[in-house]
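Residues per chain are reported as follows:
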Amino acid sequence: MSKKNRKKKKGLYRFGLRIGFITSAISAVVLFLVMMFGYNFTPKEAGILSLMLAGVVFLTVYAVTYYNSYKRLKTIEKLFKNIARKRFMEYEDVTTDHHDEVDYLVKQGIKSSRTVEREIQRLNRIENYRKEFIGDISHELKTPIFAIQGFIETLLNGALEDEEVNRDFLKKAMRNVNRLIYLTKDLMEISKLETGELKSEIEEIYLYEVLNDIIESLNYKAEKENIELVINDFDKNIQVKADKNQVKQVLINLIENGIKYNVPGGKVEVTVFTKPKQPERIFISVKDTGIGIDEKDIPRVTERFFRVDKSRSRERGGTGLGLAIVKHIMEAHGEKFSIDSEPNKGSTFTISLRRAESVQV
């Protein structure tokens, strides 16, 4: 056994030695006084009997303390050693039925170990998120910046004087500038949502007014892409509890997605409905007749910068953050967001919102 290990083991023995010594010393003094003043023993006789009793008490107390506490003290030592080394494991239950101070220390040690483990895991997730985010954003910014650089260099190298191409190059450069603007705006939005900086201001809103405003604002874009935009009839008096601006953004993102990834002559249909088993909620679905999503990609479409069709998304000015923003806003509301889709058969995006008025069941 090494010197270091002997020192550790000695430290564990000292706990029982201290208790045994203190208990035996007190017992010896008390017995000595009782025999001297209660039974008229001589000092020598009282001293011998007291020392004998002290020895018995010491051995008994030490043995009992060692039996009851050694395993628990070893567990405490192991706990804090593992915490210091950032190692975490499950520990066997070494507590007793007495629920004494050592039991309390064991339980608190295990609780502390689990808390530290969760905190380290959280910090690791944040660090991984930071690295992933920097990688993603670098990639997303690089494409439009290099494109703008290329167009401007070409113009400066003589194309500026060529009337046949100069306006075309400027338009392409401007399209990439707009893409950077949209990307920056979406990045700021999702950053605020993920950090909890952007709080939801819940109020009672009329769903019809919100949807009507959105359809009116997106009609021009739909007509330009030769897409029919339809909102099915529903009760205009329905009210929901939500943040008006955030719900508006969710529905704009979903409807714009339906327009972007549709086919010429396609359709985007918005439906408001209820479910008998959940009368306290209102459901809104946005259904398109577009390119659809492969089943394996559905769980990933709400990830930042994930695109089903990368070339088409960039061509249409997509940032790859729209559905990620939708997911975060719905989670902030404590609501559901679901996706049903098949390749070349279109997609249906559904969100839920809490109904404002009371419902008679």
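All of the points below concern the structure found in this document. For clarity, every value in this text was computed on a predicted model and none was experimentally measured. (Residues numbered from 1 in each chain as written. Predicted model: local features only at pLDDT ≥ 70, side-chain atom pairs only at ≥ 80, totals over all residues. Heavy atoms only, no water.)

## Things to note about the packing of aromatic side chains
Taken as a whole and assessed by the stated rule, the structure comprises four aromatic pairs. Aromatic pair Phe 151 and Phe 169: ring centres 5.7 Å apart, planes at 40°, arrangement tilted. Highlighted residues: Phe 151 in helix α3 (residues 101-156) and Phe 169 in helix α4 (residues 166-195), separated in sequence by 18 residues. Residues Phe 151 and Phe 169 agree in their burial class; the two are buried. Pairing Phe 337 with Phe 349 gives two aromatic rings, centres 6.4 Å apart and planes at 15°, and the pair type is stacked. With Phe 337 in strand β6 (residues 337-341) and Phe 349 in strand β7 (residues 347-355), this residue pair connects regions lying 12 residues apart in the sequence. (Phe/Tyr/Trp six-rings, centres within 6.5 Å; stacked < 30°, edge-to-face > 60°. Helix = DSSP H or I, 4+ residues; strand = E, 2+ residues; numbered from the N terminus. Buried < 20%, exposed > 50% of the residue type's maximum accessible area, 1.4 Å probe, protein only.)

## Examining the packing of helix α5 (residues 207-224) against helix α6 (residues 244-260)
Running from amino to carboxyl end, α5 crosses α6 at an angle of 30°, the nearest separation of the two axes being 10 Å. The interaxial crossing formed by α5 with α6 has right-handed handedness. Two secondary-structure elements touch here, α5 through Val 210, Leu 211, Asp 213, Ile 214, Ile 215, Leu 218, Lys 221 and Ala 222 and α6 through Lys 244, Lys 248, Leu 251, Ile 252, Ile 255, Glu 256 and Ile 259. The class makeup of the residues in the contact of α5 with α6 is 10 nonpolar, no polar and five charged. (Axes fitted to C-alpha atoms, helices over the stretch in contact; angles between N-to-C directions. Left-handed = near helix turned anticlockwise from the far one by under 90°. Contact = heavy atoms within 4.5 Å. Nonpolar A, V, L, I, M, F, W, Y, C, P; charged D, E, K, R; others polar.)

## A word on α6
Over its 17 residues, α6 runs 24 Å from end to end, which matches the ideal 24 Å to within 8%, given 1.5 Å per residue. Burial analysis of α6 places 12 of its 17 residues in the buried class, which makes it a mostly covered element. The N-cap residue of α6 is Asp 243: its side-chain oxygen and the backbone nitrogen of Asn 245 are 3.1 Å apart. (Expected span 1.5 Å × (residues − 1). Polar contact = N/O pair within 3.5 Å; in protein donor to acceptor, adjacent residues only side chain to side chain.)

## Things to note about the packing of α6 against helix α8 (residues 322-332)
Two elements in contact, α6 and α8, have axes whose closest approach is 9 Å; the angle formed by their N-to-C orientations is 145°. Once α6 is placed against α8, the crossing between them reads as left-handed. Across the interface between the two elements, Gln 246, Gln 249, Val 250, Asn 253, Leu 254 and Asn 257 from α6 touch Gly 322, Leu 323, Ile 325, Val 326, Ile 329 and Met 330 from α8. Partitioning the contact of α6 with α8 into residue classes produces seven nonpolar, five polar and no charged.

## Side note on α5
Helix length check: α5 (18 residues) gives 26 Å between terminal C-alpha atoms against 26 Å at 1.5 Å per residue, within 8%. A bend of about 40° at Leu 218 is the largest found in α5. Phi turns positive, to about 60°, at Asn 226, one or two residues after α5. (Bend = angle between axes of the 7 residues up to and from the residue.)

## Section: the nonpolar core
Core analysis: the biggest nonpolar cluster contains 48 residues, and Leu 207, Leu 254, Ile 255 and Phe 337 have the highest contact counts within it. Sort the elements by how many residues they give to this core and α5 lands first, with seven residues. Sequence-distant contacts of Ile 255, that is, excluding residues within four places in its chain, are made with Ile 214, Ile 215, Leu 218, Leu 229, Val 268, Val 270 and Val 286. (Core = buried A, V, L, I, M, F, W, Y, C linked by side-chain atoms within 4.5 Å.)

## As for the environment of Ala 84
Of note, Ala 84 is situated in helix α2 (residues 43-84). Note on Ala 84: relative accessible area 66%, which makes it exposed.

## Some remarks on the pairing of strand β3 (residues 239-242)
Relative to β3, strand β1 (residues 203-206) runs antiparallel, the two sharing four bridges. Note that in β3 the partner of Glu 203 across the bridge is Ala 242. Pairing analysis gives two bridges linking β3 to β7, with the strands arranged antiparallel. In the sheet register, Lys 241 faces β7, and the bridge partner there is Arg 354. (Pairing = 2+ DSSP bridges.)

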